[in-house]
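Read off the chains here:
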Amino acid sequence: MVDAAPILRMVSLTKQFGRLVAVNDVTLDIQEGEFFTIVGPSGSGKTTLLRMLGGLEKPTAGDIYLRDERVNQVPANRRPTCMVFQSLALFNHKTVGQNIEFSLKMRGESRRARRERGLSLMNVVQLPEDYYDKSVTKCSGGERQRVALARALASDPDILFFDEPLSAIDYRLRKLLEVELKDLHRTTGKTFVYITHSLEEAMVMSDRIGIMQEGRLIQIGSPNEIYLRPRNKFVSEFMGEVNTLAVQAGADGGIDCPAFERRFTSPARPDGFANGYLVIRPESMRFLNDPSEAENHIEGSLFNEYALGSRVQYHVSAGGSMFVVEKLREQAYRGSLNDDVLIGWDAKDSVLVTD
Amino acid sequence: MESKRWVIWLIAVWTGVIALFLYIPIFSVITSSFGKSRYFRFPVKAWSDKWYDQTLGANLTTDLHLTSFYVAGCVALIAVVLGFFGALAFARYNWRGRQFYQRLIMLPIFFPQAVLGLALLLWFTYVGVLPSWEAAVFAHLVWIVPIVTLVISIQVYGFDAAQEEAAYDLGASRWQAFREVTLPALAPGLFSGALFAFLLSWGNFPLSTFTTGADSTVTEWLYTKMGSGYTPMIPTMGALSVFGAIVILFGGYMFLIVQRRRRLERGD
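In this text, all values refer to a predicted model and were calculated from it rather than measured experimentally.

### Overview of the overall build of chain A
Okay, so step 1: For chain A, the count of helices and strands is 9 helices and 20 strands.
Okay, so step 2: Projecting the C-alpha coordinates of chain A onto the three principal axes gives extents of approximately 75 × 45 × 40 Å.
Okay, so step 3: Considering only residue pairs separated by 6 or more positions, chain A has 64% of its internal contacts joining residues 24 or more positions apart.
Okay, so step 4: With the model as given, the accessible surface of chain A reaches about 16,900 Å², and the carbon-plus-sulfur share is 46%.
Okay, so step 5: In chain A, 44 positive and 48 negative side-chain charges are present, and the distance between their average locations comes to 9 Å.

What follows is the structure in structure tokens.
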């Protein structure tokens, strides 16, 4: 891939509502054709950021460039971008066809041209053709998603913004739509900027992910980078259940864990690391028969086990805290609850993070 | 099974009794308009259509209905426009002082109408407005606009404001978004608001009696006649209103059906 000029640039973008700083000094380049996802908990400012990019909110400070043109003051209806809203914001008094063709009607295109484009878009998002005259209020949740997608695609925008459109959808359908959305990104070749509070959802779909916390973009990277090298405790815990141990840098390159009064072997240390957390993913934890089987070990007792389909998760209580171990079903631990167990890991499977 | 049938039977009787209580008075008015007698009688013994001849033949009838129609028509039109913007301020936008506004707008509804009518008459005299049906329109508006505002507000509360944003985002101007999205989405509320306004104005007596001056609405005439000398033209006028309403409702329904059929044909 050629590194062309980014399609969308944010420079020190800031938005304040009264005293509240919703978006704080965000600088980010988004490449043409990229699927970029901004992930953060509710209240992290991700929706405000997206609304500024779409032109629905004006920045307090900083700049937005669309293909090198400053668009801070350009209103939403003059930007070549389109948004899929969280509520979808379908026009309930209109039919599926009228919803999809709305932007074309605003442009003054003929009825026939609109219908032709509308039907071809319905084909793209896999809506049956006879839905054209159906009222959107009579569509199911998944069908409404497809209508919203087709409506956003109709004006052939340069960038599509998504404001958590899948958050209100049940699990199975959401998984299906995630895959469809990623496929749609491939077939259309458009730039997608997506926001969600679910890192899992972001992992499935994105080329790159940006993590937001309290208005700041704290880490940007590929799903792999974020997964393997979280920058801080917030990012590492945001990814789901992990084991974190409060540690300090010890002598001879090891790390000391006061809670267990033990020295562990250390993965690569961030520059100037003094104290922070050792993060070990549940799937990197192993049950040991003998301490020598892993670089580090902890003694505990098996508290409970949970079948997760293809995997089994175990909670092991040790030193007053609970550790999570996850194994494939075929490698399940053969024993019973309250067994004394040894769990361990190697330094290469752990990460050091700061607060 | 046994008890279920019993319950259904009870519900049927209850519904029947309520319907009877509601409709017997109206029914009795209509039958007595077809009576021969000079007095209000139920049940009617001798039938005649002479009161209809008299009522329909009188210029008075036309004048009264025209006045009522002008007043109610103007009130409905102005009340819906004011009520629409009032409802947007009431339910759509968040602004400093909104709560105060929401309370303030309710006050005229709770004010006794007879007193309100007198107060308005005094006020009209003070500013030099002569009592007439036009003055009555303003008097009605004072009381009806708040009600219409509330009726439309209910529709506004159910409107997802993101739809407007979506319209802008899809390239619509403010005006296009209003015409294509906001207005059609709120249309059912505007329709019921207009209907409320028209009916409340049509049936209003206390405000009209103080403010119409030399003009007289149907309602005013009915009240006056009942006080000063009953004539069977009173039930006849009432019955005519009912027939008129039936014709309008049925006609409107037919119109909607024809429209829908035409739209479907155009769609194919």
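Past the structure itself, the notes keep going.
### With respect to the nonpolar core
One broad rule of soluble globular proteins: the nonpolar side chains tend to lie buried together.
Okay, so step 1: Among the nonpolar cores identified, the biggest contains 106 residues, and Leu8(A), Met10(A), Val26(A) and Leu49(A) are the most heavily contacted of them.
Okay, so step 2: At 12 residues, the largest contribution of residues to this core is made by helix 7 (residues 133-157) of chain B.
Okay, so step 3: Residues contacting Met10(A), with those up to four places away along its chain left out, are Val26(A), Thr27(A), Leu28(A), Ile30(A), Leu49(A), Leu53(A) and Asp63(A).
Okay, so step 4: Counting residues in each nonpolar core, the second largest holds 25 residues, with Phe260(A), Met285(A), Val325(A) and Trp345(A) among its members.

### Re a nonpolar patch on the surface
Residue and element names in this part refer to chain B.
Okay, so step 1: A contiguous nonpolar patch, built from Trp6, Val7, Trp9, Leu10, Ile11, Val13, Val17 and Phe21 and spanning about 850 Å² of accessible area, is present on the exposed surface.
Okay, so step 2: As for its position among the elements, valine 17 is in helix 1 (residues 2-33).
Okay, so step 3: Since its relative accessible area comes to 35%, valine 17 is described here as partly exposed.

### Overview of the interface of chain B and chain A
Okay, so step 1: At the junction of the two partners, chain B supplies 17 residues and chain A supplies 22 residues.
Okay, so step 2: Summing both sides of the interface, chain B and chain A together bury roughly 1,700 Å²; the carbon and sulfur share of this comes to 56%.
Okay, so step 3: By the criterion of area lost to chain A, the three top residues of chain B are Asp169(B), Leu170(B) and Glu180(B), representing 41% of everything that side buries.
Okay, so step 4: For the interface between chain B and chain A, the tally reads 3 salt bridges.

### Section: the side chain of Thr236(B)
All names here are of chain B.
Okay, so step 1: Topologically, threonine 236 is positioned in helix 12 (residues 233-267).
Okay, so step 2: With relative accessibility at 0%, the residue threonine 236 sits in the buried group.
Okay, so step 3: Once residues within four sequence positions are removed from consideration, threonine 236 is found in contact with Ser33, Trp51, Tyr52 and Thr55.

### Side note on the sheet that holds strand 16 (residues 296-307) of chain A
Residue and element names in this part refer to chain A.
Okay, so step 1: If you walk across this open sheet you meet the 5 strands as 15-19-16-17-18, and the pairing is antiparallel. Pairing within the sheet leaves two strands with one partner each, and these edge strands are strand 15 (286-288) and strand 18 (321-328). Across this sheet, the average inter-strand angle for adjacent strands is 50°, counted without regard to direction.
Okay, so step 2: Where strand 16 meets strand 17 (residues 311-318), 6 bridges bridge the pair, whose relative direction is antiparallel. Paired with serine 301 across the strands is serine 317, a residue of strand 17.

### Looking at the domain arrangement of chain A
All names here are of chain A.
Okay, so step 1: As assigned here, chain A comprises domain 1 (8-231) and domain 2 (241-353).
Okay, so step 2: Summarising the inter-unit geometry, the C-alpha centres of domain 1 and domain 2 are found 39 Å apart.
Okay, so step 3: Across the contact, 4 residues belong to domain 1 and 4 residues belong to domain 2.
Okay, so step 4: Summed over both sides, the interface between domain 1 and domain 2 buries roughly 360 Å², with carbon and sulfur atoms accounting for 51% of that surface.
Okay, so step 5: Along the contact surface separating domain 1 from domain 2 lie 0 salt bridges.
Okay, so step 6: Here domain 1 is connected to domain 2 by 2 residue pairs in polar contact (both at pLDDT 80 or more).
Okay, so step 7: Taken together, the residues of the side of domain 1 that touches domain 2 sort by class into 3 nonpolar, no polar and 1 charged.

### Comments concerning the environment of Ala161(B)
Residues and elements named next belong to chain B.
Okay, so step 1: As for its position among the elements, alanine 161 is in the loop between helix 7 and helix 8 (162-169).
Okay, so step 2: Overall, the relative accessible area of 29% leaves alanine 161 in the partly exposed class.
Okay, so step 3: Spatially, the C-alpha atom of alanine 161 lies 8.7 Å from that of threonine 182, the residues being 21 residues apart in sequence.

### Observations regarding the sheet that holds strand 5 (residues 69-70) of chain A
Residues and elements named next belong to chain A.
Okay, so step 1: The 4 strands are arranged 2-1-4-5 in an open sheet whose pairing can be described as antiparallel. Edge positions in the open sheet fall to strand 2 (20-30) and strand 5, since each of these has one partner strand only.
Okay, so step 2: Taken together, the 7 bridges between strand 1 (residues 8-17) and strand 2 define a ladder with antiparallel strand orientation. Bridging across to strand 2, lysine 15 finds its partner in valine 23.
Okay, so step 3: Across the sheet, helix 1 (residues 46-54) touches strand 1, strand 2 and strand 4 (61-66), and the angle it forms with strand 1 is around 120°.

Scoring rules and cut-offs
- Residues numbered from 1 in each chain as written.
- Chains lettered and ligands numbered in written order.
- Predicted model: local features only at pLDDT ≥ 70, side-chain atom pairs only at ≥ 80, totals over all residues.
- Heavy atoms only, no water.
- Helix = DSSP H or I, 4+ residues; strand = E, 2+ residues; numbered from the N terminus.
- Contact = heavy atoms within 4.5 Å.
- Areas by Shrake-Rupley, 256 points an atom, 1.4 Å probe, with all protein chains shown as cover.
- Lys, Arg positive; Asp, Glu negative; His and termini not counted.
- Charge placed at Lys NZ, Arg CZ, Asp CG, Glu CD.
- Core = buried A, V, L, I, M, F, W, Y, C linked by side-chain atoms within 4.5 Å.
- Buried < 20%, exposed > 50% of the residue type's maximum accessible area, 1.4 Å probe, protein only.
- Patch = residues over 30% accessible without salt bridge, like charges linked within 9 Å, V, L, I, M, F, W, Y side chains within 5 Å.
- Salt bridge = Lys/Arg side-chain N within 4 Å of Asp/Glu carboxyl O.
- Buried area = accessible area lost by both parts, 1.4 Å probe.
- Pairing = 2+ DSSP bridges.
- Axes fitted to C-alpha atoms, helices over the stretch in contact; angles between N-to-C directions.
- Domains from an automatic or database assignment.
- Polar contact = N/O pair within 3.5 Å; in protein donor to acceptor, adjacent residues only side chain to side chain.
- Nonpolar A, V, L, I, M, F, W, Y, C, P; charged D, E, K, R; others polar.

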